[in-house]
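Spelled out, the chains give:
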There are 2 protein chains.
Amino acid sequence: MNRMTQRTEGERVIIIDGVAMSMDNCPVRDVLDHIGGKWNSLMILALADGPMRFSQLRRFIPDISQRMLTQTLRDLQRDGYLIRTVYPTQPPSVEYALTELGQSLLVPLRTLVQWSQDNHPAIRRARSAFDGQGRD
Amino acid sequence: MNRMTQRTEGERVIIIDGVAMSMDNCPVRDVLDHIGGKWNSLMILALADGPMRFSQLRRFIPDISQRMLTQTLRDLQRDGYLIRTVYPTQPPSVEYALTELGQSLLVPLRTLVQWSQDNHPAIRRARSAFDGQGRD
DNA sequence: CGGCATCCTGTTTGATACTG
DNA sequence: CAGTATCAAACAGGATGCCG
């Protein structure tokens, strides 16, 4: 599947699962960096069941700051994961909803969520074993 | 990556896909924070085909610093994703290999990689569309 | 309500140098 | 070869105040 990095002159390439990927523009890194952000994937999952308003999301993720909420939403919108709809009510309300792209990300994301739940105990076990043995 | 356990709040709970999860000890965040790290998931994928030595990994991921390589490997070892084996040769060689846990993570990870590759064009398109429209 | 701008902090990362 | 140590830069993130 994957093997060795090739360092052709000037052009750096990494090979993952047999597919060469330039490091300047690696799809995997690009996506992973985003879903790995502290709030991004949580936000996608939050919107899984349907659109939410700004203040709803704030309540839904209690420990996010307004700043990070705004920023995360803008980032996700920029990448096409969700759409922002402003309703010109008084006071104004803004609704965020997953796009088709966002919905499709939900699939691999849920796989990962499932895996996390299944294996979290094992990780915690490994962690305390590691911490325990080195110490004394 | 090295998350100091911070326990400030009492009993806050977030609901993902209908499942309530404590925020102090959320499996999803715990795992996502790791696979989302800049190097972690790349490292797991690098070891997918078999064990590698320290310097091999360095070459495999050309733009990682020695410091980050060491640290990432220690973190992943701590969480039970890989094992570290020292061969008392001269000079010493150290081999890193995925554990069963690490191998199992490979499955959802590959799903994500696949998704990334499939949808990267769409993301790039959305991104430039977003950047273009706000402009002037 | 739904933001944005500013300031300020701790954490993450990279460069560099040194060791067994 | 496979690390450790140290320093400085970069960045993420929180707190606060202001605005349409």
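Note that the structure is a prediction, hence the values are computed from the model and not measured.

Caption draft 1: Region of interest: the overall build of chain A. Helices and strands together make up the secondary structure of chain A, namely five helices and six strands. In chain A, the succession of α and β elements from N to C terminus is β-β-β-α-α-β-α-α-β-β-α. Across the 136 residues in chain A, those meeting the buried criterion constitute 46%. Of the contacts formed within chain A by residues at least 6 apart in sequence, a portion of 36% connects residues at least 24 apart. Within the structure as shown, chain A displays about 7300 Å² of accessible surface, and the carbon and sulfur contribution to it stands at 48%.

Caption draft 2: Examining the protein's contact with DNA strand D more closely. Close to DNA strand D lie 19 residues, the nearest being R67(A), S55(B), Q66(B), R84(B) and Y96(B). Among atoms of DNA strand D positioned within 4 Å of the protein, sugar and phosphate together represent 59%. Within the side chain of S65(A), a nitrogen or oxygen atom sits 3.1 Å from a phosphate oxygen of DNA strand D. Here a phosphate oxygen of DNA strand D and a side-chain polar atom of S55(B) are 2.6 Å apart. Broken down by secondary-structure element, the contributors of at least two residues to the surface near DNA strand D are α4 (66–78) of chain A together with α3 (54–60), α4 (66–78) and β5 (93–98) of chain B. Looking at the surface near DNA strand D element by element, the count peaks at four residues for α4(B). Residue composition of the surface near DNA strand D, grouped by class: seven nonpolar, five polar and seven charged.

Caption draft 3: The pattern of salt bridges, seen in detail. Within the structure shown, the criterion is met by eight salt bridges over all chains. Measuring nitrogen to oxygen at the nearest pair gives 2.9 Å for the salt bridge that ties D79(A) to R127(B). With D79(A) in the loop between α4 and β5 (82–87) and R127(B) in helix α5 (residues 100–134), this residue pair bridges two chains. Judged on exposure class, the residue D79(A) and its partner R127(B) are both buried. Sharing partners across several salt bridges, the network here consists of D30(A), D79(A) and R127(B).

Caption draft 4: Main features of the interface of chain A and chain B. Facing the 58 residues of chain A at the interface are 58 residues of chain B. Ranking the residues of chain A by area buried against chain B places R78(A), W115(A) and R127(A) at the top, with a combined share of 12%. Where chain A touches chain B, the interface holds eight salt bridges. Note that R29(B) and D63(A) form a salt bridge whose closest N and O atoms lie 3.1 Å from each other.

Caption draft 5: A look at the sheet that holds β5(A). All names here are of chain A. Sheet architecture is open: three strands sit in the order β4-β6-β5, paired in antiparallel fashion. Edge positions in the sheet fall to β4 (52–53) and β5, since each of these pairs with one other strand and no more. Where β5 lies against strand β6 (residues 93–98), six bridges are found, and the strand directions are antiparallel. Counterpart to T85 in the pairing with β6 is E95.

Caption draft 6: Molecular detail of the protein's contact with DNA strand C. Near DNA strand C there are 21 residues, and of these S55(A), T70(A), R84(A), Y96(A) and M68(B) occur at the shortest range. Taken together, the sugar and phosphate atoms account for 60% of what DNA strand C places within 4 Å of the protein. At a separation of 2.5 Å, a phosphate oxygen of DNA strand C approaches a polar side-chain atom of Y96(A). Looking at the surface near DNA strand C, the elements that each hand over two or more residues are α3 (54–60), α4 and β6 of chain A together with α4 of chain B. The biggest single contributor to the surface near DNA strand C is α4(A), with four residues. When the residues that make up the surface near DNA strand C are grouped by side-chain class, the tally is nine nonpolar, six polar and six charged.

Caption draft 7: Local environment of helix α1 (residues 27–35) of chain B. Among the nine residues that make up α1(B), eight are buried, leaving the element largely enclosed by the rest of the structure. The complete set of buried residues in α1(B) reads P27(B), V28(B), R29(B), D30(B), V31(B), L32(B), H34(B) and I35(B).

Caption draft 8: Local environment of the relation of the copies chain A and chain B. Laying chain A over chain B is done by rotating through 180° and shifting 0.0 Å along the axis; what remains is an RMSD of 0.2 Å. One copy is carried onto the other by what is essentially a two-fold rotation axis. Closest to the rotation axis within chain A is the C-alpha of G36(A), separated from it by 1.8 Å. Most of the interface of chain A is mirrored in chain B, where 91% of its interface residues again form contacts.

What counts and what doesn't
Residues numbered from 1 in each chain as written. Chains lettered and ligands numbered in written order. Predicted model: local features only at pLDDT ≥ 70, side-chain atom pairs only at ≥ 80, totals over all residues. Heavy atoms only, no water. Helix = DSSP H or I, 4+ residues; strand = E, 2+ residues; numbered from the N terminus. Buried < 20%, exposed > 50% of the residue type's maximum accessible area, 1.4 Å probe, protein only. Contact = heavy atoms within 4.5 Å. Areas by Shrake-Rupley, 256 points an atom, 1.4 Å probe, with all protein chains shown as cover. Near = heavy atom within 4 Å. Polar contact = N/O pair within 3.5 Å; in protein donor to acceptor, adjacent residues only side chain to side chain. Nonpolar A, V, L, I, M, F, W, Y, C, P; charged D, E, K, R; others polar. Salt bridge = Lys/Arg side-chain N within 4 Å of Asp/Glu carboxyl O. Buried area = accessible area lost by both parts, 1.4 Å probe. Pairing = 2+ DSSP bridges. Least-squares fit on C-alpha atoms with pLDDT ≥ 70 in both.

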